[in-house]
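Chain residues, written in single-letter form:
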Amino acid sequence: MAHIHLEDGAFSFQWISIWWTLAIILVCLCMYWMKNVKKSNDNKVLTIAGMCTAASFAIFQVNIPLFGGVHMNLTPLIGILGGPAVGGIIVFIVNILSAAIGHGGWGMIGANTLVNITEVSVAYFTYRGLIKAKLSLFSRAGIATLAGLLLGNVTMIVIILVSGIQGVTQSRMDILYGLSLLAGVNMGVAVIEAVLTGYVVSYIRKVRPDMLSEAETLV
Amino acid sequence: MYEIDRKKSMLLFGFLVLAVAGLSLIAYHVSGHMGIEERFNSAVGIESGPEKEESSGIFGFNIEGNPLYYAVILVALIISCLIIHIKK
């Protein structure tokens, strides 16, 4: 998964404000849209949202000893199960809770929410878009995860390059090179997350198919 | 309903997994072995401070953040839920 793992102070106040404002606008749009969904699917949507928030927060705090240390946060699974609107709210909450326990800076919540919303949305739309390709559920979920996390990494790189890092002497090209390698390593974890998401979605389809049809009617 | 092409599904997913895993290993070998914060700081050119002493965790799996904050947040969430529940 992609996550801007920088301390507060890395971005200037101007850019922190811009990313926060954009994130809040998107979350407000999600909440506005949720108001309509809530009327028809009240309990199911809330249950999925609660379960996904807890699972994502818990797994995000575990430092996995792969490639020296990486994180997962199940954003593509959130997108597939909950859809982009519910997912947008979930990732915002997970980022706030993570900052509250000291994992990531408060100033980075806006930028990280944008990165995670990209992952959630791309995974959801890829998952749905692949229905016509006649692929198995496992493959659809796995490919959607890879696509979501790839675009999440691209968003992370764009945000860092646009914002610039305070107090560093590296050129933007050097930063782009460094971040591309970082994104490459992140994608190694994406492979594991893709297989995991594929299995979870296939399992849910077996035991609770209504949970998946939920997402298919959401947008 | 449509018929699923399982062979095509597995071939496509398998190819993507192998391609991504291969590129990832190359990126790892070029950038070297380092922790997530160190990797990020190195990527953007921030000079890393003195190495923090990290516990080895369980089989190398560590928990991020301050354990005390987990307790504080948990208590705050329980109180908030209780208040909302009682008010409802």
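Caption draft 1: Summary view of the overall build of chain B. Looking only at helices and strands, chain B has 3 helices and 1 strand in total. Sorting the 88 residues of chain B into buried and exposed places 12% on the buried side.

Caption draft 2: Summary view of the overall build of chain A. The secondary structure content of chain A amounts to 6 helices and 1 strand. Along chain A, helices and strands appear, N-terminal first, in the series α-β-α-α-α-α-α. In terms of C-alpha radius of gyration, chain A reaches 17 Å, essentially the compact-globule figure of 17 Å for 219 residues. Once the C-alpha set of chain A is aligned to its principal axes, its extents read approximately 55 × 35 × 30 Å. Counting across all 219 residues of chain A, residues that qualify as buried make up 53%.

Caption draft 3: Looking closely at the interface of chain B and chain A. Listed per partner, the contact involves 44 residues of chain B and 43 residues of chain A. Counting residues per element, the ones that place at least two in the side of chain B that touches chain A are α1 (6-31), α2 (36-44), β1 (62-63) and α3 (67-87) of chain B. The dominant element in the side of chain B that touches chain A, judged by the number of residues it contributes, is α1(B), at 18 residues. As defined by bridge partners, strand β1 (residues 62-63) of chain A adjoins β1(B) across 2 bridges and the pair is classed as antiparallel.

Caption draft 4: The packing of helix α2 (residues 75-100) of chain A against helix α4 (residues 137-163) of chain A, seen in detail. Residues and elements named next belong to chain A. Contact geometry of α2 with α4 gives a least axis separation of 9 Å together with a crossing angle of 120°. In terms of axis orientation, α2 runs oblique to α4. Like other packed secondary-structure pairs, α2 and α4 cross with a definite hand, here right-handed. Residue-level inspection shows Thr75, Pro76, Gly79 and Ile80 of α2 in contact with α4, the latter providing Ala141, Ala144, Thr145, Gly148, Leu149 and Gly152. Of the residues contributing to the contact of α2 with α4, the split by class is 5 nonpolar, 5 polar and no charged.

Caption draft 5: Local environment of the environment of A:Leu77. Residues and elements named next belong to chain A. Along the chain, the position of Leu77 falls in helix α2. Exposure remark for Leu77: the 28 C-beta atoms within 10 Å place this residue in the buried category. It is 28 Å that separates the C-alpha atoms of Leu77 and Leu161, two residues lying 84 residues apart in sequence. Apart from the residues lying within four places of it in its own chain, the contact partners of Leu77 are Thr197 and Val200.

Caption draft 6: Representation of α3(B) in the model. The terminal C-alpha atoms of α3(B), which comprises 21 residues, lie 31 Å apart, in line with the 30 Å expected from a rise of 1.5 Å per residue. Little of α3(B) is tucked away, with 0 of its 21 residues classed as buried.

Caption draft 7: Representation of unusual backbone geometry. Residues and elements named next belong to chain A. For Leu74, which is not glycine, the phi dihedral falls at a positive 60°. Relative to the elements of secondary structure, Leu74 occurs in the loop between β1 and α2. Positive phi is not limited to glycine here, since Lys134 has a value of about 55°. The topology assignment puts Lys134 in the loop between α3 (109-129) and α4.

Caption draft 8: The environment of A:His3, seen in detail. In this fold, A:His3 is placed in the segment before α1 (13-60). Sequence spacing of A:His3 and A:Leu149 is 146 residues, and the spatial spacing of their C-alpha atoms is 10 Å.

Caption draft 9: Quick look at the environment of B:Asn41. All names here are of chain B. Tracing the chain through its elements places Asn41 in helix α2. What makes Asn41 buried here is the crowd of 22 C-beta atoms within 10 Å. C-alpha of Asn41 to C-alpha of Leu68: the two residues are 27 residues apart in sequence and 26 Å apart in space.

Caption draft 10: Broad picture of the confidence of the model for chain B. All names here are of chain B. Averaged over every residue, the pLDDT of chain B is 84; residues scoring 70 or more account for 88%. When mean pLDDT is compared element by element in chain B, α1 scores highest at 92, while β1 scores lowest at 84. Across the interfaces of the predicted complex, the ipTM metric reaches 0.84, alongside a pTM of 0.90.

Caption draft 11: Highlighting the packing of α4(A) against helix α5 (residues 172-207) of chain A. Residues and elements named next belong to chain A. At a minimum axis separation of 7 Å, α4 and α5 run at an interaxial angle of 155°. Relative to α5, the element α4 is oriented roughly antiparallel. Pair α4 / α5 crosses with right-handed handedness. Of the residues belonging to the contact of α4 with α5, the class tally is 18 nonpolar, 8 polar and 3 charged.

Caption draft 12: Layout of α3(A). The terminal C-alpha atoms of α3(A) lie 29 Å apart, and with 21 residues this matches the ideal 30 Å at 1.5 Å per residue to within 8%. When you tally the buried positions in α3(A), you get 18 out of 21 residues, the bulk of the element.

What counts, and at which threshold
Residues numbered from 1 in each chain as written. Chains lettered and ligands numbered in written order. Predicted model: local features only at pLDDT ≥ 70, side-chain atom pairs only at ≥ 80, totals over all residues. Helix = DSSP H or I, 4+ residues; strand = E, 2+ residues; numbered from the N terminus. Buried ≥ 20, exposed ≤ 12 C-beta atoms within 10 Å, placed from the backbone. Rg over C-alpha atoms; globule rule 2.2 N^0.38 Å. Contact = placed C-beta atoms within 7 Å. Pairing = 2+ DSSP bridges. Axes fitted to C-alpha atoms, helices over the stretch in contact; angles between N-to-C directions. Parallel < 35°, antiparallel > 145°, perpendicular 65-115°, else oblique. Left-handed = near helix turned anticlockwise from the far one by under 90°. Nonpolar A, V, L, I, M, F, W, Y, C, P; charged D, E, K, R; others polar. Expected span 1.5 Å × (residues − 1). pLDDT = per-residue confidence, 0-100.

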